[in-house]
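In case you want the letters, here they are:
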Amino acid sequence: MSRRILVLGGGPAGVAAARTAARMGAQAVLIDSGRLGGVSTNSGVLPARVLAHTARLKRESGQLGVYGLRATEAELDWPAALRRLFNVVEALHVRKEIAEEARKLGVDIHENVGETRFMSPTTIGFANGTTVEGDAAIVCVGGRSRSIPLPGAELAIFPNDIWRMKAMPRSIAIVGTGHTGCQIASILAHFGTEVHMIDLKARIMPQEDELLSVVMAKEFAARGIRIRSGIDSIDGLSTGMSGGTVLHYKEAGESRSIKTDAVLLCVGWIGNTDRIGLEELGVEIARSYIKVDKYLRTNVPKLYAAGDVTGQMMLVSGATHEGHVAAVNAVTNAETKKVAHTLVPTGSFTDPEYGAIGMRESQCCDAGIDYETSVIWCEDLTRAIIDDRTAGFCKMIADRRTHKFLGAHIVGERAVETVQLMATIMAGGLTVEQVADLELAFPTYSAIILMAARDLKYKLDPEYAALYQSGMAGSPANKALS
């Protein structure tokens, strides 16, 4: 008799886990308190991407006159933009047929069941008293925006609240300058909102390579986004005398404040580990995330976890991978497959876009790796010049010993797409010389990969090294980041 696998949570991790289990011949049961699809489809990544496209279209309408087209710049119709957003989300549900495709594989689906709770490691109870039992269970309940304990914290809004606004705010203060904060800041700035960004960290996107952070901050400032990095503290929120929300903070030892229509918290993402019975089972949890081993097993036998709730790689691609791994191990009841987040491209649909993969230069230094870098600026890229989108760069890092790539960091038009090519290159173990000898279509944005690889090729060639050091080999000069 086949094993019965319970999967709690119908986001990318849960759907992947249920499908994998069913394909392996198990009786898969997929359970969700709401609608399948998770945050990414219903209220997170995909809605944000729709608005990012809206912002891109508005931005590009400003170029019409430059290219000889007689038209005025587009104006935002916020209610219409939201209708499009919700229509796209619905269309994706229909097109992806999440539930239907899973059912075709034999998955037993229970969605919109309300609150759920683990009664045992392999038993889940519904709010209506129904229970389902299995041989193993996988927790894929995802995560949510983190709040911070501040006076007046109830006055703040979170990223998901943006899609529920009836009118676009005239001004907004965004606390947090990571991926989510930067994407929303970029979108709202294009829509005409006065955007303030504030963070205790010394630079925006501190998890990225320093050059990427510096260039993105410069480009954001050029688009009117006001950034305050390295402040002392966030002290609280209050209601303004004439409406709006006041953000109180300290900077350089002085108390200061910003009054805006809204204050948006983008200060992290926590696992949905509360109120589902994990504590009673004795599941080990650290900082809201379920602790798992490399096979995605929890400390409780027969109970696995995957996706954002593990806190490992909180991306759709990572959640899907983890769901698959957890299902394989749950079905086989063995150490069959290890989780691997070795080469995962990241990035965001900001303006300009940015993408990254592999090691940052600071990590290479800390690891004592002998490496070489190449930086090619988009103002030297033919396609960028044609499209008048010359902001940004491509930075590559290669190992001097093996001539293989250690990392790539890209800012510019279509950067998120371009970094996918680097993911393939690095996964295939191609050397700098092999990439430099590729013949890619021209003129394209991805051609910047060739330019950087060819620059690295000569920097790594002993015959050219002395010429580079003397400045005679034609290496692209460093651009001032003033």
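Since the structure is predicted, the reported quantities are computational estimates derived from the model, not experimental observations. In every chain, residue numbers begin from 1 and rise along the written sequence. Two thresholds apply to this predicted model, a pLDDT of at least 70 for residue-level local features and 80 or more for giving and counting side-chain atom pairs, whereas whole-chain, interface and lining totals are computed over all residues. No hydrogens and no water enter the side-chain calculation; it runs on all heavy atoms of the structure.

Caption draft 1: Molecular detail of the packing of helix H1 (residues 12–23) against helix H9 (residues 316–332). Running from amino to carboxyl end, H1 crosses H9 at an angle of 35°, the nearest separation of the two axes being 7 Å. The element H1 and its partner H9 pack so that their crossing is right-handed. In this structure, H1 contributes Pro12, Ala13, Ala16, Ala17, Thr20 and Ala21 to the contact, and H9 contributes Val316, Ala319, Thr320, Gly323, His324, Ala327, Val328 and Val331. Polar here means any residue outside two lists: the nonpolar Ala, Val, Leu, Ile, Met, Phe, Trp, Tyr, Cys and Pro, and the charged Asp, Glu, Lys and Arg; Gly therefore counts as polar. Its residues assigned to classes, the contact of H1 with H9 comprises 10 nonpolar, 4 polar and no charged. All axes are obtained by fitting lines to C-alpha atoms, using only the stretch in contact for helices, and the reported angles, taken between N-to-C directions, cover 0 to 180 degrees. By the criteria applied, helices consist of DSSP H or I runs no shorter than four residues and strands consist of E runs no shorter than two, each listed in order from the N terminus. Take the far helix as the reference: if the near one is turned anticlockwise from it by less than a right angle, the crossing is left-handed, and if turned clockwise, right-handed. The contact rule is simple, with two residues in contact once any of their heavy atoms fall within 4.5 Å.

Caption draft 2: Structural context of the side chain of Gln183. Within the element layout of this structure, Gln183 appears in helix H6 (residues 179–190). Dropping the residues within four chain positions of it, Gln183 is found in contact with Ala48, Ser348, Phe349 and Thr350.

Caption draft 3: Geometry of the nonpolar core. Here, the term nonpolar core denotes a set of buried Ala, Val, Leu, Ile, Met, Phe, Trp, Tyr and Cys residues that are joined through side-chain atoms within 4.5 Å. When accessible area is computed with a 1.4 Å probe and restricted to protein chains, residues below 20% of their type maximum are described as buried, those above 50% as exposed, and intermediate ones as partly exposed. Counting residues in hydrophobic clusters, the biggest one holds 42 residues, and the most contacted among them are Trp78, Ile162, Ile172 and Ile174. Broken down by secondary-structure element, the contributors of at least two residues to this core are helix H3 (45–61), helix H4 (78–96), strand S9 (171–175), H6, strand S10 (194–198), helix H7 (210–222), strand S15 (262–265) and strand S22 (371–377). Considering every element that reaches this core, the biggest residue donor is H4, with 6 residues. Setting aside residues up to four positions removed in sequence, Ile162 forms contacts with Leu51, Trp78, Ile157, Ile172, Ile184 and Leu188. Judged by nonpolar contacts, the second largest core, of 30 residues, contains Ile5, Val107, Ala136 and Val339.

Caption draft 4: Highlighting the pattern of salt bridges. Salt bridge, as applied in this entry: a Lys or Arg side-chain nitrogen positioned within 4 Å of an Asp or Glu carboxyl oxygen. Applying the stated criterion across every chain, the model contains 30 salt bridges. Residues Glu219 and Arg223 are paired through a salt bridge, measuring 2.8 Å at the closest nitrogen-oxygen approach. On the basis of relative accessibility, which here comes to 14%, the residue Glu219 falls in the buried class. Among the ionic pairs, Arg383 bridges to Asp387, the shortest N-O distance being 2.7 Å. Of this pair, Arg383 and Asp387 are both found in helix H11 (residues 382–387), 4 residues apart, which corresponds to roughly one turn of the helix. For Arg383, a relative accessible area of 28% translates into the label partly exposed. Under the relative-accessibility criterion, Asp387 is labelled partly exposed at 21%.

Caption draft 5: Representation of the pairing of strand S5 (residues 123–126) within the structure. Burial of the side chains of S5 extends over both faces: Thr123 and Gly125 are buried on one face and Ile124 and Phe126 on the other. Two strands form a pair only when DSSP identifies at least two bridges running between them. Here 4 bridges tie strand S4 (residues 116–120) to S5, and the two strands are oriented antiparallel to one another. Among the inter-strand pairings, Arg117 is bridged to a residue of S5, identified as Gly125. In this structure, the hairpin formed by S4 and S5 is closed by a connection of 2 residues. Of the strand pairs in this sheet, S5 and strand S6 (residues 131–133) are connected by 3 bridges, and their pairing is antiparallel. By the bridge assignment for S6, Thr123 is matched with Glu133.

Caption draft 6: Spotlight on the packing of aromatic side chains. When two rings of Phe, Tyr or Trp (its six-membered ring) have centres within 6.5 Å they constitute a pair, described as stacked for plane angles under 30 degrees, edge-to-face for angles over 60, and tilted for the intermediate range. For the structure shown, the criterion picks out 2 aromatic pairs. A ring pair is formed by Trp377 and Phe393, whose centres lie 5.5 Å apart and whose planes are at 55°; its orientation type is tilted. Residue Trp377 is found in strand S22, and its partner Phe393 is found in strand S23 (residues 393–399); the two are separated by 16 residues along the sequence. Judged by relative accessible area, which is 8%, Trp377 ranks as buried.

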